[in-house]
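Survey of secondary and tertiary structure
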Amino acid sequence: MRTLTAYGIGVVIVLAVLNGIAWQAGMHRLHSLNVFSAGFALGMLGMYISAFVNGYRQVA
């Protein structure tokens, strides 16, 4: 598995768990956590697009 793909999957799983815990706990600042998660996901999307356009290659 490519490192970039594994990183993306790991981040999505961690953010889903954090959002689920915050939702179950009835956190008052849940909106802030959701905005952070959405921003991080958009950043990952930008990273994937950049890697595709610029030619991602795994070195090692």
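To keep things clear, this report deals only with the structure shown in the data block.

1. Brief notes about the environment of M44
With respect to the element layout, M44 can be found in helix α2 (residues 30-54). Using a relative accessible area of 8% as the deciding quantity, one classes M44 as buried. In this view, M44 contacts Y7, G8, V11 and V12; residues no more than four positions away in its chain are not counted.

2. Section: the packing of aromatic side chains
Enumeration over the complete set of coordinates arrives at 1 aromatic pair. Seen in terms of ring centroids, F36 and F40 are 6.0 Å apart; in terms of plane orientation they differ by 45 degrees. Their pairing is tilted. Note that F36 and F40 are positioned in helix α2 at a spacing of 4 residues, about one turn of the helix. You can call F36 partly exposed: its relative accessible area is 48%.

3. Looking at a nonpolar patch on the surface
A cluster of nonpolar side chains, contributed by L42, L45, I49, F52 and V53, occupies part of the molecular surface with about 580 Å² of accessible area. Along the polypeptide, I49 turns up in helix α2.

4. Side note on the side chain of S37
By the element assignment, S37 lies in helix α2. On the accessibility criterion, S37 (9% relative accessible area) is buried. Excluding residues that lie within four positions of it along the chain, S37 makes contacts with L15 and N19.

5. Remarks on helix α1 (residues 3-25)
The terminal C-alpha atoms of α1 lie 33 Å apart, and with 23 residues this matches the ideal 33 Å at 1.5 Å per residue to within 8%. Among all positions in α1, only L4, G8, V11, L15, N19 and A22 are buried. Against α2 lie the buried residues of α1. Backbone geometry just after α1 places G26 at a positive phi near 70 degrees.

Quick notes on the rules
- Residues numbered from 1 in each chain as written.
- Predicted model: local features only at pLDDT ≥ 70, side-chain atom pairs only at ≥ 80, totals over all residues.
- Heavy atoms only, no water.
- Helix = DSSP H or I, 4+ residues; strand = E, 2+ residues; numbered from the N terminus.
- Buried < 20%, exposed > 50% of the residue type's maximum accessible area, 1.4 Å probe, protein only.
- Contact = heavy atoms within 4.5 Å.
- Phe/Tyr/Trp six-rings, centres within 6.5 Å; stacked < 30°, edge-to-face > 60°.
- Patch = residues over 30% accessible without salt bridge, like charges linked within 9 Å, V, L, I, M, F, W, Y side chains within 5 Å.
- Areas by Shrake-Rupley, 256 points an atom, 1.4 Å probe, with all protein chains shown as cover.
- Salt bridge = Lys/Arg side-chain N within 4 Å of Asp/Glu carboxyl O.
- Expected span 1.5 Å × (residues − 1).

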